[in-house]
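# Working through the structure, step by step
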Amino acid sequence: YFVLTPHKKTGAMAERVLVIGSGGREHALAWKLAQSHHVQQVLVAPGNAGTANCGKISNSAVSVSNHTILAQYCKDHNVALVVVGPEVPLAAGIVDDLTAAGVPCFGPSAKAAQLEASKSFSKSFMDRHGIPTARWSSFTDPQEACGYIRGADFPALVVKASGLAAGKGVIVAKDKDEACQAVLDIMKDKAFGTAGDTVVVEELLEGEEVSCLCFSDGSTVAAMPPAQDHKRLLDGDQGPNTGGMGAYCPTPQVPEEMLQQIKSTVLQKTVDGMKEDGIPYVGVLYAGLMLTKQGPKVLEFNCRFGDPECQVLLPLLKSDLYEVLKNTLQAKLASDPPVWLDSSAAVTVVMASEGYPGAYKKGVEITGLSQLTEMGLQVFHAGTALKEGGGVVTSGGRVLTVTAVQPTLESALHRANQGVALVDFPNAVYRRDIGHRAIAYLTRTRGLTYKDSGVDIAAGNKLVDIIKPLAKATSRTGCSAELGGFAGLFDLKAAGFVDPILVAGTDGVGTKLKIAQACSTHSTLGQDLVAMCVNDVLAQGAEPLLFLDYFSCGHLDVGVASSVIGGIAEACQMAGCALLGGETAEMPGVYSPGEYDLAGFCVGAVERGSLLPRLGDIQEGDLLIGVASSGVHSNGFSLVRKVLERAGLQYSSPAPFGQPGQTMGEALLTPTKIYSRLLQPILRSGAVKAYAHITGGGLLENIPRVLPKELAVDLDATRWRIPPVFSWLQKEGSLSEEEMVRTFNCGLGAVLVVGKQEAQRVLRQLQAQEEAWIVGSLTHKVPGGEAVVVRNLEHSLKAGPNPCPDTSVLQNGASHADSSSRKRTKVAVLISGTGTNLQALIEQSKKPSSSAEIVVVISNRPGVLGLKRASMAGIQTRVVDHKLYGSRAEFDSTIDHVLEEFGVEVVCLAGFMRILTGTFVKKWNGKLLNIHPSLLPSFKGVNAQKQALLAGARVTGCTVHFVAEEVDAGAIIAQEAVPVLVNDTEESLSDRIREAEHRAFPSALELVASGDVRLGEDGRIMWNQSA
């Protein structure tokens, strides 16, 4: 019910969001959600003075404890998402109840919230799943608890109320007597109410305490930067425990390597364990950790954002929070993880009422808040209320937080303290040393590191973590795109190649980079890079198999780099090749801030007999088919930028060409078209003699690269549609015709050389998916003459794009007519051996009159002769080795996936020695053909020739039939009789039946491919009456 497009404004209707809670955390959530262009209004229930009528944010008086009323309120007010701040509603099942009522709600279920709501449940869960934590035990009897404290062989000095106690139910005792007193206070004196009916006694851990939070979609975790809370009331960590007096983020004490360890051993392990226990965890997971000498150990779990950690995390979130929450609910974190500010620190200082955490006075007036806004500081209200007649007064213990975001932790703390000094209410309590441990850590004497030189290994590792799943998604037959090794592997045999030649290409995207960097639009460059390399290897007839990228910069911006490489991965999927690896080079001083460079490397393969160009076949009179470009593609941008400068336009100026409403930058960054999926079937058919990628050097220099020296190119520019960008460039730059065709593609991204007899068939195949035209022909090259002549270019540029160019007859008189006008049916042939029937089918499909086109041959055995036959005919092959699959269903599913990949419409079994599952046969019912060496229904099954001889039959033969679930029982399409001779042996009879098969199978395929014969709903043959 939601379609979200990250980081891009759309015309979609903005949504209303409801935030549950009244503290600083909820104010921070509302503040961040209100920044989203997806969000029209943020309601906060019950909210505070800071969330009352503040821009998009306003308070709601709806009851949050009655979930039925709340659900109806959400429906009545078109609330698209509910975000729950505090833990109590989560433990009460608010997410379960709202979700059941059809209201999307962000947060864990009541069962999942037990990780916080029950310390006993949480500790048992950690023990069960091997998550590092302190030694512990739980008790419902105070005497047993005290006995455990006194008898433990470790300092059992941490006493916790097992239930929810608003973050205050933990007592860290100095000695065993104090620990026992804490047990009595909690269990007998009910210091924390019923939350203390069960107590947990834990080992006292030593080390630094940090908060590590993550978003979890039930499977994937997206870790947030680590933060540190300050629980004690006073400076120097003195005074009583509180709900938190301030926080900072990130914590330098947790380097990237440790954060990755925490992510894998704590956060991911917890989410995996909950999933394993049948309680998927969706929401924010908060792990309170102690950094011990033995490694990080869990002190506690919370099932929501911490307060005040939330007030330092959200200001550092670069992504749209609404999109992050929706991605979490829709299990999309793996493909679209949140992005955080890299080079900033945040500090928040809590201001509390006098007497907190004990009794305190309410209704005290607060002044000075407006000055903080002028300083660029953010105030998040907690215990505040609006005063009648105007103004803000205190209404809680923790009153508000002042948050500063600065380049360094020291400057952020200084700025936050400046802000706190301007806020005034009598006897306010606050700390001035938030982040003191981090500052001590940062200012300690230490040696230089690689990061000091400008190279951030942690940022590089973070980038790898982001792009690993993107690369893995490009895996294909022959290759599993797993990043992290020294080199990548590709299995040509598994990919179906028999006698391959490797083809490699490399390229970049030129100064198109400059425009992308100026516009801060990085994601489209990936397609440009992949297209430039993939389109080059196609010129040899090769199928692109794998891709490698090189990204270099002066300072690694993980957000920018992941956007670029994410675009590369997406383009690899479009091209059908695997993103097998790459290099990210951070080189301080080599590039200016914000600059980076790109290079790509593509490796493809082609069977030896299918190499292009076929120079010996190219002759005078052959026709040229042009395939449309999307615009300038990725060449000539230095000249484009110069023309733009001369025209006095900016990248933000409205584009005089392109789509309505586009800026110059957006129009010029239109990505290069990738032609591999479009052209591979056509190149494999053998109808194309040569293919030229129109890249740097334009039309003049690229087409001759694939032609014999004695031939020239005659192009007519009236025969194709020239995009308006080229008319604009020519006019504004006063560019000559020669400059245009030597620099730009002028609307043709690729040019194919084909014989006259094949031209219309190839053109129809192209036009089914892409704009294409017959644009010229080959002529004899006069000595000293031009290799390429482009006629009518100036006229076409000035006339503007012709939506329907006439390609019926060229001015030089060459006709484009072809006797074959019917659409050809895409056929796959499944084999297991030599493929003699396959050869007969191939020969039939090569005839101009054929209605069938064999697009792929699949074998369940590698290296068989049939694969070579296919490759020699220019037909793509695949090997799906049945020995590698655990079940017939899994094997059949893989076959089915390959058939869908090639758009197959009819499948022929030609000596395929595997029994297909009923599921597969049902799916392909009426599209699956088999040939059997007898006149069915006689002599079904194996050894049909032997059966005929033993039965004394005088006539046998072969039958082509549709495949049914029962063996050899499908409707019969065609039969050919073969007499049984007196002296026949099984071998001699088989030879003569095989000859008949080579005639019957192609004939039957033609009947089905042409539509003359089909399988009726009753399982009988249906003939086309017009046939």
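First, a word on scope: everything that follows refers to the structure included in this document. One numbering rule holds for all chains: residues counted from 1, following each sequence as written. Per-residue local features of the predicted model are confined to residues with pLDDT of at least 70, and side-chain atom pairs are confined, for both listing and counting, to 80 or more; whole-chain, interface and lining totals are unaffected and use all residues. No hydrogens and no water enter the side-chain calculation; it runs on all heavy atoms of the structure.

## Structural notes on unusual backbone geometry
The condition is simple: Numbering of helices and strands starts at the N terminus; helices are DSSP runs of H or I of at least 4 residues and strands are runs of E of at least 2.
Cis geometry is found at the peptide bond from Leu612 to Pro613, where omega equals -5°. Along the chain, the position of Pro613 falls in the loop between strand E27 (596-607) and strand E28 (623-628). Residue Pro937 is bonded to the preceding Leu936 through a cis peptide linkage, with omega at 15°. Following the sequence through the fold, Pro937 ends up in the loop between strand E38 (928-932) and helix H31 (944-951). Even without a glycine there, the phi angle at Asn78 is positive, about 55°. Topologically, Asn78 is positioned in the loop between helix H2 (67-76) and strand E4 (79-84).

## Examining the environment of Ala71
As a reminder of what qualifies: Classification of residues uses two cut-offs on accessible area relative to the type maximum, computed with a 1.4 Å probe and protein chains only: under 20% is buried, over 50% is exposed, and between them is partly exposed. Contact between two residues is taken to exist if any of their heavy atoms lie within 4.5 Å; hydrogens are not considered.
Within the secondary structure layout, Ala71 lies in helix H2. Exposure remark for Ala71: the relative accessible area of 6% places this residue in the buried category. If we ignore the near neighbours within four places in the chain, the residues touching Ala71 are Leu98, Ala101 and Val103.

## Concerning the pattern of salt bridges
A side chain of one charge can pair with a side chain of the opposite charge if their charged atoms are brought near each other. What counts here: Whenever a carboxyl oxygen of Asp or Glu lies within 4 Å of a side-chain nitrogen of Lys or Arg, that contact is scored as a salt bridge.
Summed over all chains, the structure comprises 41 salt bridges. Put simply, Arg25 and Glu26 hold a salt bridge, and the shortest N to O gap is 2.7 Å. For the pair Arg25 and Glu26, one class covers both residues: buried. A salt bridge links Glu976 to Arg999, with the nearest nitrogen and oxygen atoms 2.5 Å apart. With a gap of 23 residues between them, Glu976 in strand E40 (residues 972-979) and Arg999 in helix H32 (residues 986-1009) connect regions that are remote in the sequence.

## Quick word on the sheet that holds strand E32 (residues 772-780)
Which entries qualify depends on this criterion: In short, DSSP must find at least two bridges between two strands for them to pair. Axis angles are defined between N-to-C directions and span 0 to 180 degrees, where every axis is a line fitted to C-alpha atoms and, for a helix, only to the segment in contact.
Here six strands make up an open sheet; going across it, the order is E29-E31-E28-E32-E30-E33 and the pairing mixed. In this open sheet, the two strands that pair with only one neighbour each are strand E29 (688-693) and strand E33 (788-791). Sheet twist, expressed as the mean angle between neighbouring strand axes with direction ignored, is 25°. By the bridge criterion, five bridges tie strand E30 (residues 711-716) to E32 in an arrangement that is antiparallel. Within the sheet, the bridge partner assigned to Leu715 lies in E32 and is Gly776.

## Considerations on the packing of aromatic side chains
Rules: Think of it this way: a Phe, Tyr or Trp ring, Trp meaning its six-membered ring, pairs with another when their centres are within 6.5 Å, and the plane angle makes it stacked under 30 degrees, edge-to-face over 60, tilted otherwise.
Using the criterion set out here, one finds ten aromatic pairs in the structure. Plain terms: the ring middles of Phe726 and Phe744 are 5.9 Å apart, the flat faces sit at 55° to each other, and that makes the pair tilted. With a gap of 18 residues between them, Phe726 in helix H23 (residues 724-733) and Phe744 in the loop between helix H24 (737-743) and strand E31 (748-754) connect regions that are remote in the sequence. Residue classification places Phe726 among the buried residues on the basis of a relative accessible area of 0%. For Phe744, a relative accessible area of 1% corresponds to the buried category. In this structure an aromatic cluster arises from ring pairing among Phe139, Tyr148 and Phe154.

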